[in-house]
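Each chain, written out:
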Amino acid sequence: MRKNRTAALAAASFLLLSGAFIAAAPSAYAGIPGGTSANDRNTDFNGDGYDDVLVGAPGATVGGHAGAGLVTVQYGGPNGMGTSRAAVLSQNTAGVPGSAENGDAFGQAVATGDLDGDGYDDAIVGAPGEDLGTVADSGGGVVLWGTPKGLVGTESTGLEADVPGKGRHFGSALAAAHFTDTTDGDLVAVLDSVGVALFQYEATPAARSGSAAKHLERHSRTDFAAKAPKARSAAAEEPPGIDPTGLSTGDYDANGYADLVVSGISADDDSNHGWSYVLQGSASDTDPLPVLALRGGPVVASGDINGDGKDDLVTGEPQGPDEGGESTAGGMIGVYYGSDAGPAGEAQWWTQDSPGVPGAHERGDKWGADLSVGDSNGDGFADVAVGAPGEDIGTVADAGAVWVLRGSSGGLTATGVRDFNQDTAGVPGVPEKGDKFGAQVAFTDPNADHRFGLLASAPGENAAEGIVWVFSATPSGVTAANSWTYGPTSLNAPPTASRYGSAIDD
């Protein structure tokens, strides 16, 4: 029975306008209660020590309802991941709150974390198109609990905004981490058009002494867009208010406490600059750390690129602005390295015109539309995968491509860079207009060999059925050799216009 796993909204919702902060977060990744390892990626749903893979198909037709959406889970093991040990879950799965309806987009966003501190990671699934009563597109979400048998629908828990609102799209982005030392489990951060809400699950029915609520502040969406947060900026520009679209977590100062990153596009000017705000975690008995404002976003990912024990923040700006006459409109990424003060210093900026990066910078490539950070060759330095779903392959528009830049003691480097598309030798398929290969990229280690292979999706493949490519990891990094593909039909899920691979947990 899981009746003790009800959600409490921690301080309702909060935004970044007046120096709001998160304090007391014992671990950036907490798949095992009390764990502090930054390598714990929160993806082990059955507790067997192997990464599992969670993929969203928000366009899937379920029970005759177009766009209701679903997710699939594939379980890792000594031989990695495949399609036989898998499950399909939707709002028509027994025990899952709600029911499949047209346009719910269940699976548009996914995240994982051990929310109740029982040692089994749980899946959080967003349904931003969910109607609440007569309130259209208010949005919602579901927590699918991990068990020794993996994810199950039984007694899963619904999530929704404190106040339903038309077009609120609650659940459009998700993140989970151990943001407070007053609970054994991770907290869930949920984004919608109003802001970010944190949800806390109790591992026991009795309320614990202390509350995450006292470590959070609440602010309004109007203030968020209208003025800049009171934040220390590493950029020369004054930080603006933003329209938030992305969430990430990392431990950038290696103090053992999770930091939350909220990223988006500037809302108060026409620059379309991306910005990211880092809410730094600290112990409950210490003074709160300052909010940091960094140029770059709205895509964000985290990992230890230079192997110094501190996570680094990577930002993606797939439709980068024109900067001083130099066009970056094909997309760019920025790297901020962790320090005792969090991600700091000048960003290291990359485009396809950077020395050593294959290809050429072109408007509409959307280089940086998705990012993932993981150690693909086991050398102790995390690599960065960059998706560019708008990349043209020859004359084929928007076929898409993926790059992997290598980590090193000196930081991110183009030495040993790899790039893949459907025209690369050994990669299944052929480039087709609108495939959008690279719309999602995710490192994963399903065989626990400490080398992270790469998943890359093309939600536009096969008339928007969607396909995922699996690239193995070797001592020399990610390789196209023996790469393979799967999609909804491989997992006995409905394929038509499912947009499979629109979200992959990372």
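Reading the values: the criteria
Residues numbered from 1 in each chain as written. Predicted model: local features only at pLDDT ≥ 70, side-chain atom pairs only at ≥ 80, totals over all residues. Heavy atoms only, no water. Helix = DSSP H or I, 4+ residues; strand = E, 2+ residues; numbered from the N terminus. Buried < 20%, exposed > 50% of the residue type's maximum accessible area, 1.4 Å probe, protein only. Contact = heavy atoms within 4.5 Å. Areas by Shrake-Rupley, 256 points an atom, 1.4 Å probe, with all protein chains shown as cover. Salt bridge = Lys/Arg side-chain N within 4 Å of Asp/Glu carboxyl O. Pairing = 2+ DSSP bridges. Core = buried A, V, L, I, M, F, W, Y, C linked by side-chain atoms within 4.5 Å. Axes fitted to C-alpha atoms, helices over the stretch in contact; angles between N-to-C directions. Phe/Tyr/Trp six-rings, centres within 6.5 Å; stacked < 30°, edge-to-face > 60°. Polar contact = N/O pair within 3.5 Å; in protein donor to acceptor, adjacent residues only side chain to side chain. pLDDT = per-residue confidence, 0-100.

## Structural notes on the overall build of the chain
The number of helices and strands found in the chain is two helices and 31 strands. Here the chain holds 506 residues, and the buried ones make up 59% of them. Looking at the chain alone, contacts between residues at least 24 apart form 59% of all its contacts between residues at least 6 apart. Surface accessibility of the chain: about 17500 Å² in total, with carbon and sulfur atoms responsible for 49%.

## Structural notes on the pattern of salt bridges
The full count for this structure, using the stated rule, is six salt bridges. For lysine 310, the salt bridge identified is with aspartate 340, shortest N-O distance 3.5 Å. Linking lysine 310 in the loop between β17 (299–303) and β18 (312–317) with aspartate 340 in the loop between β21 (332–337) and β22 (344–350), this pair joins segments that are 30 residues apart in sequence. A relative accessible area of 16% means that lysine 310 is categorised as buried. Residue aspartate 449 pairs with arginine 451 through a salt bridge whose shortest N-O separation is 3.6 Å.

## What to know about the pairing of strand β16 (residues 292–295)
Residues of β16 alternate between two faces, with Leu292 and Leu294 on one and Ala293 and Arg295 on the opposite face, all of them buried. With four bridges connecting them, strand β15 (residues 274–279) and β16 associate as antiparallel partners. For tryptophan 275, the partnering residue across the bridge sits in β16 and is arginine 295.

## Structural notes on the environment of leucine 159
Residue position: leucine 159 is located in strand β8 (residues 157–159). Between the C-alpha atoms of leucine 159 and valine 125, which are 34 residues apart in sequence, the distance is 9.3 Å. Not counting residues up to four positions away in its chain, the partners in contact with leucine 159 are Ile124, Gly140, Gly141, Val142, Val143, Phe170, Val190, Phe199 and Tyr201.

## A few points about the nonpolar core
Grouped together as the largest cluster of nonpolar side chains are 24 residues, with contacts concentrated most on Ile333, Trp350, Trp367, Val384 and Leu412. Elements represented by at least two residues in this core include exactly β17, β21, β23 (370–374), β24 (383–388), β25 (401–406) and β26 (413–420). Those residues in contact with leucine 412 that lie beyond four places of it in its chain are Ile305, Ile333, Val335, Tyr337, Gln348, Trp350, Val384, Leu405 and Arg406. By size, the runner-up hydrophobic cluster in this structure holds 18 residues, among which are Val62, Ala68, Tyr486 and Tyr500.

## Considering the sheet that holds β25
Strand order in the open sheet formed by four strands is β23-β24-β25-β26, and the pairing between neighbours is antiparallel. Edge positions in the open sheet fall to β23 and β26, since each of these has one partner strand only. Adjacent strand axes in the sheet meet at a mean angle of 20°, parallel and antiparallel pairs treated alike. Here five bridges tie β24 to β25, and the two strands are oriented antiparallel to one another. Bridging across to β25, alanine 385 finds its partner in valine 404.

## Quick look at the sheet that holds strand β27 (residues 440–444)
Ordered by their spatial adjacency, four strands build an open sheet running β27-β28-β29-β30, and the pairing between neighbours is antiparallel. The sheet terminates laterally at β27 and β30 (477–486), the two strands that pair on one side only. Pairs of neighbouring strands in the sheet enclose a mean axial angle of 25°, with direction left out of account. Here strand β29 (residues 467–474) pairs with β30 via six bridges, running antiparallel. Its bridge partner lying in β30, tryptophan 469 is registered against threonine 485.

## A word on the environment of alanine 425
Relative to the elements of secondary structure, alanine 425 occurs in the loop between β26 and β27. Placed 55 residues apart in sequence, alanine 425 and alanine 480 show a C-alpha to C-alpha distance of 7.3 Å.

## What to know about the packing of aromatic side chains
Applying the stated criterion across every chain, the model contains seven aromatic pairs. Centroid distance tyrosine 486 to tyrosine 500: 6.1 Å. Interplanar angle 70°. Geometry classified as edge-to-face. On the criterion of sequence distance, the pair formed by tyrosine 486 in strand β30 and tyrosine 500 in the loop between β30 and β31 (503–504) is long-range, its members being 14 residues apart. Both residues of the pair, tyrosine 486 and tyrosine 500, belong to the buried class. Within the aromatic cluster, the residues linked to one another by ring pairs are Trp484, Tyr486 and Tyr500.

## Structural notes on the side chain of aspartate 312
Residue position: aspartate 312 is located in strand β18. Only 2.7 Å separates the side chain of aspartate 312 from the backbone nitrogen of isoleucine 305, close enough to count as a polar contact. One polar contact links the side chain of aspartate 312 to the main-chain amide nitrogen of glycine 338, over a distance of 2.8 Å. Apart from residues lying up to four places away in sequence, aspartate 312 is in contact with Tyr252, Ala301, Ser302, Gly303, Asp304, Ile305, Asn306, Tyr336, Tyr337 and Gly338.

## Considerations on the confidence of the model for the chain
Per-residue pLDDT for the chain averages 84, and the proportion of residues at 70 or more is 82%. Below pLDDT 50 for its whole length, residues 1–5 participates in 18 contacts with residues either more than four positions away or in separate chains. Predicted confidence is poor over residues 204–229, with pLDDT under 50, and the contacts of this stretch with residues over four places away or in other chains come to 76 contacts.

## Focus on the pairing of β29
β29 sits mainly inside the fold: six of its eight residues count as buried. Where strand β28 (residues 453–458) and β29 come together, five bridges link them in antiparallel fashion. The residue bridging serine 457 from the neighbouring strand is valine 468, located in β29. The loop that links β29 with its antiparallel partner β30 comprises two residues.

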